[in-house]
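Descriptive analysis of the structure
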Amino acid sequence: MEAASAECDALTGPVAPEAVKAVPPPEQPRRIGGVSRSAVLSLAGAAASALCVTILLFGELAPFSGTLGFVITAYLVFLAVYAVLTGFEEDGQAVRDRVMTVVLWTAATLLFSALVLVVGFTAWRGKDALPHGNFFTQDMQAAGPLDPLTNGGIAHAMVGTLIMIAIALTITVPLGLACAVYLNQIPGRFSRFVRTIVEAMTALPSIVAGLMVYAVWILGLGMQKSGLAAGFAISVMMLPIVIRASDVVLRLVPGTLTEAAEALGAPRWRTVWHVVLPTARSGLATAVILGTARGIGETSPVLLTAGFTAALNADPTAGPMVSLPLAVFNFVKSPQPEMIARGFGAAAVLMTMVLVLFVIARVIGGRGPGHQTRRQARRTARASRRDVARFDELHVPASAAGLSLFDASASASEPAAAADGEDVTQGPPAPDYESSTGDAGGFDGPAGGRAPTPRPAPTPAPAPGETD
């Protein structure tokens, strides 16, 4: 062994100690999720450093002032210090990941805080009107600006909003989904033109939609202001939102699903109806909700096409009708505290109505593709069991009957062969040169469709003493 090691050293040479130390250590996987102690300490240290540096800048070193400037400066210093502290332990990629995580969490916190502030402020200002039952059951026909909150309500605005949005959804949902399917399934020059028009209509001002319906429906056709005209104007605002969002959702459907359906022979309409739309059902429900949220808050188209009234009108084809946004706009213009409370109460009811519509759309849309509820899983399991039973009834008895018939014929032929004195043992297969017609003379008969071919003579066996 020593001689072998010496020979190896002579061939390769001795290993330098510096080469052994230069071998890098094995890489450790970086932790992606969770909160570590070093991360918490880095955040706390960066926050304290940013606060101290900002106070020093605004108080001593620089002529800065203002609360907004103080907050922005402190946040920028916090990000810089946090990146430096993280760089002491991590590489550049991990530092960028940590900093972007902090930025995204900050943006999400700001958005959630703004949402809570809007909802909370609206509910707080309308808390004086919401507890009264007449606020939801009466209209403002017999109530004035100086009347207390126990008199009058927003029933006429609630009914008008529901009627208008129902008319708009009846028009928008089929047209929007059909247009989105056309843009997704039938590409071409015209579809690109339609997509461009839809994208341009998403920025259409609401007053333009109201003026168009007012000019065509009321001035051109001579119809009166009504909830139906307001529904037309709202549908013009909702249609591009629904088309655009539905088109984006349908693009996310995997192409392999449609290819598999078409490979099975399904026509295009059946593929869209049974494969594409069910797969994108959850996203399509979200698209409808986005369009509804855009249309339900419109004020100027409703004012131009439906007018204003303080009485309840449930007929969308005749007479003026009011919606909740228009009622809020009319209430908050008044200097009276009771009317302002009614306005904020109506705004809170409008937000609640949008939330209820969103929940209904979520229930109708269901879960995303690949996710089933317990009821859907039980229904799928029952259908699978029925299919298994049906397959057993179709295939197993037929196979058993065929096997029993084959066994019966074989058992019947064996005694007959034994009675004739023939050997029932299966022999070797017939030679290749035998005819499929098998006549006794060794020739193919006329029925074979070929000229008679003689059977080759067998080669005689060599004698016992002969050699090749």
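All values reported here derive from a predicted model rather than from experimental measurement.

Some remarks on the overall build of the chain
A tally of helices and strands in the chain yields 17 helices and zero strands. Taking as baseline every contact in the chain between residues at least 6 positions apart, the subset at least 24 positions apart corresponds to 67%. As displayed, the chain offers around 30200 Å² of accessible surface, 67% of which is attributable to carbon and sulfur atoms.

A look at the environment of L51
Mapped onto the elements, L51 comes out in helix α3 (residues 37–61). Relative accessible area serves as the criterion here: at 44%, L51 is assigned to the partly exposed category. Sequence spacing of L51 and T73 is 22 residues, and the spatial spacing of their C-alpha atoms is 9.3 Å.

Quick look at the nonpolar core
The nonpolar side chains of soluble globular proteins are, as a tendency, buried together. Within the largest apolar cluster, 32 residues are counted, with the highest numbers of intra-cluster contacts made by I154, A157, M164, I234, V302, L324 and F331. Mapped by element, the contributors of at least two residues to this core are α7 (155–185), α10 (227–251), α15 (324–332) and α16 (337–365). Broken down by element, this core gets its largest block of residues, seven residues, from α16. For A157, the contacting residues outside a window of four places in its chain are V322, S323, L324 and A327.

Concerning the packing of aromatic side chains
Evaluated as defined, the whole model comprises eight aromatic pairs. Relative to F70, the ring of F58 has its centre 5.4 Å away and its plane inclined at 70 degrees; by these criteria the two rings are edge-to-face. Of this pair, F58 sits in helix α3 while F70 sits in helix α4 (residues 67–87), and the two are 12 residues apart along the sequence. Taking relative accessible area as the criterion, F58 reaches 16% and is therefore assigned buried. On the basis of relative accessible area, F70 is assigned to the partly exposed category, the value being 26%. Taking 6.3 Å as the distance between ring centres and 35 degrees as the angle between the ring planes, the aromatic pair formed by F190 and F193 counts as tilted. With F190 and F193 both in helix α8 (residues 189–201), this residue pair falls three residues apart, about one helical turn. Assessed through its relative accessible area of 54%, F190 is described here as exposed. In this structure an aromatic cluster arises from ring pairing among Y75, F78 and Y82. One Lys or Arg, K127, reaches over the ring of W124 and ends 4.8 Å from the middle of that ring.

Quick word on a nonpolar patch on the surface
A contiguous nonpolar surface patch, about 320 Å² in accessible area, is contributed by L115, V118, V119 and M351. When residues in the nonpolar patch are grouped by element, the largest group, three residues, is from helix α5 (residues 92–125). Relative to the helices and strands, V118 is located in helix α5. With relative accessibility at 49%, the residue V118 sits in the partly exposed group.

Rules behind the numbers
Residues numbered from 1 in each chain as written. Predicted model: local features only at pLDDT ≥ 70, side-chain atom pairs only at ≥ 80, totals over all residues. Heavy atoms only, no water. Helix = DSSP H or I, 4+ residues; strand = E, 2+ residues; numbered from the N terminus. Contact = heavy atoms within 4.5 Å. Areas by Shrake-Rupley, 256 points an atom, 1.4 Å probe, with all protein chains shown as cover. Buried < 20%, exposed > 50% of the residue type's maximum accessible area, 1.4 Å probe, protein only. Core = buried A, V, L, I, M, F, W, Y, C linked by side-chain atoms within 4.5 Å. Phe/Tyr/Trp six-rings, centres within 6.5 Å; stacked < 30°, edge-to-face > 60°. Lys NZ or Arg CZ within 6 Å of the ring centre and 35° of its normal. Patch = residues over 30% accessible without salt bridge, like charges linked within 9 Å, V, L, I, M, F, W, Y side chains within 5 Å. Salt bridge = Lys/Arg side-chain N within 4 Å of Asp/Glu carboxyl O.

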